[in-house]
Amino acid sequence: MARILSIDYGKKRTGIAVTDPLKIIASGLTTIETPQLMNYLKAYFLKEEVEEVIVGMPSNLDDTDTDATPLVKHFVSAFKKHIPQIPIKEVDERYTSKLASRAMIEMGLKKKQRQNKALLDEIAATIMLQEYLNKS
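In this report, the structure presented in the accompanying data block is examined. (Residues numbered from 1 in each chain as written. Predicted model: local features only at pLDDT ≥ 70, side-chain atom pairs only at ≥ 80, totals over all residues. Heavy atoms only, no water.)

1. So, the environment of R3
Threshold: Strands are runs of DSSP state E lasting at least 2 residues, helices are runs of H or I lasting at least 4, and numbering of each runs from the N terminus. For every residue, the accessible area obtained with a 1.4 Å probe (protein chains only) is divided by the maximum for its type, and the residue is called buried under 20%, exposed over 50%, and partly exposed between those limits. Should any heavy atoms of two residues lie within 4.5 Å, those residues are considered in contact.
You can see R3 is positioned in strand β1 (residues 3–8). Looking at R3, the relative accessible area reads 18%, which means it is buried. Spatially, the C-alpha atoms of R3 and E49 are 6.3 Å apart, while their sequence positions differ by 46 residues. Contact partners of R3, with chain neighbours within four places excluded, come to V18, T19, D20, P21, Y44, E48, E49, V50, E51 and E52.

So this is what it looks like as structure tokens:
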């Protein structure tokens, strides 16, 4: 059974989460340096069956674009060009980083561990994917 993959795209790092094959639970997969993202995804798709990719689209509270929005739109365009066989869907990613930060506190992580931005990105991708699953 195919999975759904979630991408929390960032200028430096990108958090990735994936569902279980039954598409019930979202789990953090990894955080990767953004310049290596496309090669990582191509390799992952050769090993795992993925039916859909969601990517967090950043926007301000008033629905205007953020500084990061053009970067994500460029990635989505490149994804469609390089990996056309897998559909990619944009989802609202507002508050996911704040929720991820709060989750790290609730998990009892020490301050030093909570400063790990790679872990924050991976948790944000997981939250975004679980919210997507809950709405489906």
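2. Topic: the nonpolar core
Soluble, globular proteins show a tendency: their nonpolar side chains are buried together. To keep it simple, the criterion reads: Only buried Ala, Val, Leu, Ile, Met, Phe, Trp, Tyr and Cys residues count toward a nonpolar core, and they belong to the same one when joined by side-chain atoms within 4.5 Å.
Among the nonpolar cores identified, the biggest contains 22 residues, and L5, I7, L41, F45, V53, F75 and F79 are the most heavily contacted of them. At the level of secondary structure, the elements contributing two or more residues to this core comprise β1, β2 (13–19), α1 (37–47), β4 (50–57) and α2 (69–82). By residue number, the principal contributor to this core is α1, which donates five residues. Excluding residues that lie within four positions of it along the chain, L5 makes contacts with I16, A17, V18, L29, L41, Y44, F45, V50, E52, V53 and I54.

3. Concerning the pattern of salt bridges
Between side chains of opposite charge, a pair can form when the charged atoms approach closely. Our working rule: Should a side-chain nitrogen of Lys or Arg be within 4 Å of a carboxyl oxygen of Asp or Glu, the pair is scored as a salt bridge.
This structure, assessed with the given rule, holds four salt bridges. We note a salt bridge from E48 to R3, for which the minimum N-O separation is 3.3 Å. Residue E48 is found in the loop between α1 and β4, and its partner R3 is found in strand β1; the two are separated by 45 residues along the sequence. Note that E51 and K23 form a salt bridge whose closest N and O atoms lie 3.4 Å from each other.

Treat this as a map of the structure, not an account of what it does.
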